[in-house]
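# Observations on the three-dimensional arrangement
Chain by chain, the residues:
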Amino acid sequence: MKKFPRSAYIHIPFCHRRCFYCDFAVIPLGNNIESLNGYGSTTIKEYLTFLKKEILSIKHKSPLSTIYIGGGTPSILDPLQIKDLINLFKENYRIDYGAEITMEVDPASFNEDDLHGFIKAGINRFSLGAQSFNNKILKQAGRRHCSKDVEKSCYWLKRVYDNGLIKSWSLDLIQNLPMSSFKEWQEDLKNSLKFYPPHISIYDLNIEPGTVFQKLIDLGKLSLPNDDDSFKNSEQTNLLLRASGYSRYEISNYSLPGHQSRHNRVYWTGQGWWSFGQGSTSSPWGEKFTRPRISKEYKNWVIKQCEIKLDSSLVNQENIYKELDEKIMLGMRLREGVNIHKLINEQNWNKKKSEIALIKLLKEWERFLESGLLIKRGNRFSLSDHRGMELSNQILISMFKWWEKVN
Ligand code: SF4
């Protein structure tokens with residue numbers, strides 16, 4: 001029987017302005033969105049009308065156990081707008097008792113009253129996009145908030161968590177930003193631990209084409225930590241967080257016991273999810289589909305999809321996604337790794353092809369097993385903590401080469 005997705009991602013594409021490293025599908029609205037009657041809010045209201053149409057257009061709505069409102073900057077929205085969205089799911093999809101309902105918040109776009117409003121609306125987990133506690137680093141990255149905003153936001157989140165008003169919260173940092181040498185990074189980690197967030201995400205800076213950072217690099221005007229510094233930063237992160245009781249359950253994510261992100265695990269373990277909103281990607285049955293990134297195109301697309309009912313058109317329910325390389329790549333990000341034999345058997349190849357593929361992959365991985373970057377337990381392969389996780393690229397590149405040959 002077809003398993004319907006139990007998770008939904010909702011994309012809120014608005015930001016005050018674009019940060020210098022960001023290439024997400026966002027709409028910078030400037031500062032004109034503070035009041036519910038401003039220009040920005042009209043744009044937001046119009047977008048929400050289309051977003052709701054898209055959410056309602058799914059024919060087979062399934063009960064949800066995780067919802068993630070991301071962006072962009074969802075905390076630009078009024079708590080009542082968030083409540084409307086959650087109610088729409090409650091009334092039309094149903095939300096499981098104990099579901100994880102996460103919302104991303106940006107330190108410069110909400111206050112303590114808003115936070116309580118979001119909680120009343122049904123949010124029980126927050127992800128705070130702090131990125132750094134250092135004013136110089138934040139400014140250089142084009143962030144609108146300052147370290148005081150981060151401290152205040154952490155304080156409010158810690159308080160609602162300690163008072164049992166939310167289940168969890170995450171502090172998100174970016175490692176290897178310009179001006180973040182070993183000393184600054186250590187300070188960022190220490191400042192984070194003052195608030196003891198149950199979950200910490202640490203993303204490595206990626207330089208994306210078309211961003212301000214890319215242009216500055218081309219002009220020779222941006223200096224980034226070198227590879228040795230980056231490795232030292234990661235090593236320090238691992239040591240400090242482990243000593244503080246965190247487990248690195250995924251390459252970029254650390255949590256205290258019981259605080260892993262249930263929603264993100266859906267992506268990493270290849271389970272299906274709905275997704276709604278401009279530029280977002282859904283994968284209800286395995287096949288991926290990305291919506292238009294441009295507002296006008298997204299709106300036209302919603303109108304068309306409403307006419308033909310989404311889940312019979314944008315996704316082919318018979319076409320189960322079979323990209324084994326992607327399954328391995330995502331699964332290997334997790335501490336528990338992947339059962340290679342099981343994944344290969346799911347390919348529906350004949351016995352001989354499966355056996356040859358497996359032998360070839362094990363040959364590729366032999367050197368990583370010998371050097372301790374990879375660990376094998378029965379049929380399960382995982383990256384070692386911490387060297388394997390740091391050098392995961394080498395292992396994944398060898399896997400992609402293998403995939404090209406066997407596919
Ligand atoms: S706030 Fe986040 S989504 Fe918005 S521009 Fe900055 S990095 Fe991108």
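So, about the overall build of the protein chain. On a plain count of helices and strands, the protein chain comes out with 15 helices and 16 strands. Its C-alpha atoms give the protein chain a radius of gyration of 22 Å, within 12% of the compact-globule value 22 Å for 407 residues. Summarising its shape, the C-alpha atoms of the protein chain cover approximately 65 × 55 × 45 Å along the three principal directions. Looking at the protein chain as a whole, 37% of its 407 residues qualify as buried.

Here we take up the domain arrangement of the protein chain. You can read the domains of the protein chain as domain 1 (7-268) and domain 2 (324-406). For domain 1 versus domain 2, the separation of C-alpha centres amounts to 31 Å. Across the boundary between the two partners, domain 1 contributes ten residues, which contact ten residues of domain 2. Contributing elements (two or more residues each) for the side of domain 1 that touches domain 2: α8 (227-243), β9 (247-250) and α9 (262-268). A total of four residues in the side of domain 1 that touches domain 2 trace back to one element, the largest contributor, which is α8. Looking at side-chain class alone, the side of domain 1 that touches domain 2 contains five nonpolar, two polar and three charged residues.

Moving on, we get to the sheet that holds strand β15 (residues 374-377). A sheet is described by the order of its strands in space; here three strands give the open sequence β14-β16-β15, paired in antiparallel fashion. The open sheet terminates on both sides in strands that have one partner only, identified here as β14 (338-339) and β15. Where β14 and strand β16 (residues 380-383) come together, two bridges link them in antiparallel fashion. In the sheet register, Val338 faces β16, and the bridge partner there is Phe381.

Reading guide: rules and limits
Residues numbered from 1 in each chain as written. Predicted model: local features only at pLDDT ≥ 70, side-chain atom pairs only at ≥ 80, totals over all residues. Helix = DSSP H or I, 4+ residues; strand = E, 2+ residues; numbered from the N terminus. Rg over C-alpha atoms; globule rule 2.2 N^0.38 Å. Buried ≥ 20, exposed ≤ 12 C-beta atoms within 10 Å, placed from the backbone. Domains from an automatic or database assignment. Contact = placed C-beta atoms within 7 Å. Nonpolar A, V, L, I, M, F, W, Y, C, P; charged D, E, K, R; others polar. Pairing = 2+ DSSP bridges.

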